Amino acid sequence: MKQTTTSFTPVSLHGAGDWRILRRSFGYLRPYWRMVLGSYLILLITTGLSLLVPQFTRWIVDTGIRTGNVRLLVGAVSLLLGTAVALVWMNPTLALLSLAAMPILAWRALAFGREMRPLSLAIQQQLGVLTTRLEQNLRGARVVKAFAQERAEIERFDRENQRWFDLSAYAVRLRAVNVPMLDLIANIGTVFIIWYGGLLVIRNQLTLGELIAFSAYLGQLVQPVRRVGMIVPAVAMAASAGERIFDILDAPSAVQDAEDAAPMPPIRGEVRFEHVDFAYSEHHSVLDDVSFAAQPGQVIALLGPTGSGKSSVINLIPRFYDPTRGRVLIDGIDIRTVTLASLRDQIGIVLQETTLFAVSIEENIAFGRPGASTEEIQAAAQAAQAHEFICAMPDGYQTHVGERGSTLSGGQRQRIAIARALLKDPRILLLDDATASVDTETESQIQLALERLMRGRTSFVIAQRLSTVRAADLILVLERGRIGAMGSHAQLLERSALYAEIYERQLRPQEQDEQILQRANQAAQDDAQQNAQQNAQPDAPA
């Protein structure tokens, strides 16, 4: 199978068009120009103060310590008078002074972390709500427009966005208060060293070089501690994100391999339900005592109203769910005793809602068999009536289909899904043959592809068409989770009032349409033959 690569063009910010985009983006800040201007002014002030710190230290050392000006030193710490009062109760050694701020720093960091962690979780949860709302509106844009709900959806989005903004703004305020506070606490040791160490130098109890060396050691100690202000919110966000991720990863799967599960041997396709009950929850029962047997190669059609349990029957065969009671057997083997991978590897699924991936058509067809050759892929596409439209595309089989196959029509997506199932060559097929959303020509192509796909395989079909029901070897008529009738089309017409009712309501109109279409086709053929005969007759003599 050919491998395709996706190339990305780097974005340049030097073109005139790029600057227009940036200017337009900045235009959204106009309603908040006062806040933006204030933020930049505060940034300039903060930067200026940061530039003054080294000069302030130089001034203290040169003007205070070198000249012996003690008054200029108790003045250097006047801004921290409350801290100076606490020095009286401290052991007057440089080591203890340098470590005095550590317990305070630890207490503030822990308090900051305890407040940030639940807030970060709330922000991420609200961001999930916001992105879900956005995704639904983008995917359902046509529905929103069709029902003229643009303004209402914008208002809903604005409410969710405002809540996310409020939570994020509160987190920013917390950081704006606590990060500088942690930095300030970490710097208290430096202030103490300059103050007390300067006194010792003036009193000739410490050399200036020793003070500078001690300050350098203190800087090495304080620098990692200063980073606590950045680490605490990051750790809080990581912890809250990890909590959400592990909630998903640690959630037990409803269906798992048994400890002694063995690989499923190659199957013939016999499927048997034995007194199967199934419920999605304690109060939501779906199937009740369902029993039937499908022989290898048979076509089993499932009929019934919405909510009767048709999809649940199909979902139990590949063990998307397990029965609440009873057993599902394939070739006499309880499917709960084999590994999921070996079971599902021999089952093909083509449903009405076809899922394609944002890769090439070739990769989508080969999804179930990544090692398939190009010839095998194209053969499957030809059997699925897909080869012609694929070749008409710009890049043929290398054409990318967009997210969820958005660049293809419904009929094209379904035929690619049929090709994918054909390439996998499963012994059991699970199908939904609904074709109500496609035109008549596409419908006939899909039906032809489905007939080829079902040939020689055990097929379960959620039937919507009369032709499928007639061709079925066994029809299961489901009503409220139970099998109301079972048999062939002719048998059920004779002995099942339920099937007769469904036939008259759902299938008889199709039969009438087919008869009308057949008569129209026959009339067209007759007209064509008559015209051909008239054209073949020699002209009469003048």
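Chains are numbered independently. Their residues run from 1 in the order of the written sequence. Residues qualify for local features only when their pLDDT is at least 70, as the model is predicted, and side-chain atom pairs are given and counted only at 80 or more; totals for whole chains, interfaces and linings, by contrast, use all residues. Hydrogens and waters are ignored; side-chain quantities use all the structure's heavy atoms.

Enquirer: Got a sec to walk through the packing of aromatic side chains? Specific residues and values, please.
Expert: Two rings belonging to Phe, Tyr or Trp (six-membered ring only in the last case) form a pair when the distance between their centres is within 6.5 Å. Interplanar angles under 30 degrees mark stacking, angles over 60 mark edge-to-face geometry, and anything in between is tilted. Enumeration over the complete set of coordinates arrives at 6 aromatic pairs. Ring centres 4.7 Å apart and planes at 75° place the aromatic pair Phe278 and Tyr280 in the edge-to-face group. On the basis of relative accessible area, Phe278 is assigned to the buried category, the value being 4%. To sort residues, take the accessible area from a 1.4 Å probe on protein chains only and compare it with the maximum for the residue type: under 20% means buried, over 50% means exposed, and anything in between is partly exposed. Judged by relative accessible area, Tyr280 falls into the partly exposed class, the value being 37%.

Enquirer: Got a sec to walk through helix 14 (residues 374–383)? Specific residues and values, please.
Expert: Within the sequence span of helix 14, burial applies to Thr374, Ile377, Ala380 and Ala381. Burial along helix 14 is one-sided: seen end-on, the buried residues are contained in an arc of 130°. Pairs of residues are marked as contacts when any of their non-hydrogen atoms sit within 4.5 Å. Labels follow the DSSP assignment, with helices taken as runs of H or I lasting at least four residues and strands as runs of E lasting at least two, numbered in each case from the N terminus. If you follow the buried residues of helix 14, they end up packed against helix 13 (361–365), helix 15 (387–391) and helix 16 (410–424). Gln385 lies just past helix 14 and shows a positive phi near 60°. Working definition: the arc comes from the directions between the helix axis and the C-beta atoms, pointing outward to the latter.

Enquirer: Mind laying out the sheet that holds strand 1 (residues 271–281), listing which residues take part and the relevant values?
Expert: By this definition, two strands are paired if DSSP reports at least two bridges between them. What the 4 strands build is an open sheet, ordered 2-1-4-5; its pairing is antiparallel. Edge strands, defined here as strands with exactly one partner in the open sheet, are strand 2 (284–294) and strand 5 (333–334). Inspection of the sheet shows strand 1 paired to strand 4 (residues 325–330) by 5 bridges, in the antiparallel sense. Its bridge partner lying in strand 4, Glu274 is registered against Arg327.

Enquirer: Tell me about the environment of Ala421, and name the residues and values.
Expert: If you trace the backbone, Ala421 turns up in helix 16. For Ala421, a relative accessible area of 4% corresponds to the buried category. For Ala421 and Leu453, which are 32 residues apart along the polypeptide, the C-alpha to C-alpha distance reads 7.7 Å. In this structure, Ala421 is in contact with Val350, Pro426, Leu429 and Leu453, ignoring residues within four places of it in sequence.

Enquirer: Outline the nonpolar core, supporting the account with residue identities and numerical values.
Expert: As used in this record, nonpolar core signifies buried Ala, Val, Leu, Ile, Met, Phe, Trp, Tyr and Cys residues forming a set joined through side-chain atoms within 4.5 Å. By size, the foremost hydrophobic cluster in this structure holds 46 residues, and its most contacted members are Ile365, Ile418, Leu453 and Ile475. For this core, the leading source of residues is helix 16, giving 7 residues. The contacts of Ile475, once residues within four sequence positions are left out, are Ala301, Leu303, Val469, Ala485, Met486, Gly487, Ser488, His489, Leu492 and Tyr499. Ranked by size, the runner-up nonpolar core spans 30 residues in total, among them Ile267, Leu343, Ile462 and Leu476.

Enquirer: Can you tell me about the pattern of salt bridges, naming the residues and giving the values?
Expert: Here a salt bridge means any side-chain nitrogen of Lys or Arg lying within 4 Å of a carboxyl oxygen belonging to Asp or Glu. What the rule picks out here adds up to 13 salt bridges. Among the salt bridges present, the one from Asp331 reaches Arg268, with a minimum N-O distance of 4.0 Å. In this pair, Asp331 sits in the loop between strand 4 and strand 5 while Arg268 sits in the loop between helix 10 (228–249) and strand 1, placing the two residues 63 residues apart along the sequence. The closest approach of N and O atoms between Arg325 and Asp277, which form a salt bridge, is 2.9 Å. Taken together, the residues span a long stretch of sequence, with Arg325 in strand 4 and Asp277 in strand 1 at a distance of 48 residues. Here Arg325 falls in the partly exposed class, since its relative accessible area comes to 42%. Overall, the relative accessible area of 17% leaves Asp277 in the buried class.

Enquirer: Talk me through a nonpolar patch on the surface; I want residue IDs and the actual numbers.
Expert: Residues Tyr280, Phe320, Tyr321, Ile349 and Leu351 make up a contiguous nonpolar surface patch of about 410 Å² in total accessible area. Looking at where Tyr280 falls in the secondary structure, it is placed in strand 1. Patches in this entry comprise residues that are over 30% relatively accessible and not in a salt bridge; like charges within 9 Å are linked, as are nonpolar side chains (Val, Leu, Ile, Met, Phe, Trp, Tyr) within 5 Å. Computed with a 1.4 Å probe, the accessible areas rest on the Shrake-Rupley method; for each residue, only the protein chains presented here act as cover.

Enquirer: Account for unusual backbone geometry, with residues named and values stated.
Expert: One non-glycine residue, Asp331, lies in positive phi territory at about 55°. Despite not being glycine, Arg480 has its phi angle at roughly 55°, a positive value. Here Arg480 is to be found in the loop between strand 9 (474–479) and strand 10 (482–487). Using a relative accessible area of 78% as the deciding quantity, one classes Arg480 as exposed.

Enquirer: How would you sum up the side chain of Gln126? Please name residues and give values.
Expert: Residue placement: Gln126 occurs in helix 6 (residues 101–139). On the basis of relative accessible area, Gln126 is assigned to the buried category, the value being 7%. Apart from residues no more than four positions distant in its own chain, Gln126 is found in contact with Glu160, Arg163, Trp164 and Leu167.

Enquirer: Describe in detail the side chain of Arg457, supporting the description with residues and values.
Expert: Within the secondary structure, Arg457 sits in the loop between helix 17 (440–454) and strand 8 (458–462). Judged by relative accessible area, which is 8%, Arg457 ranks as buried. Polar contacts, as counted here, are pairs of nitrogen or oxygen atoms within 3.5 Å of one another; within protein the pair requires one atom able to donate a hydrogen and one able to accept it, and residues that are adjacent in sequence qualify only if both atoms are side-chain atoms. Of the polar contacts made by the side chain of Arg457, one reaches the backbone oxygen of Pro426; its length is 2.8 Å. With residues up to four places along the chain from it excluded, the contact list for Arg457 reads Gly297, Gln298, Leu422, Asp425, Pro426, Arg427 and Leu429.

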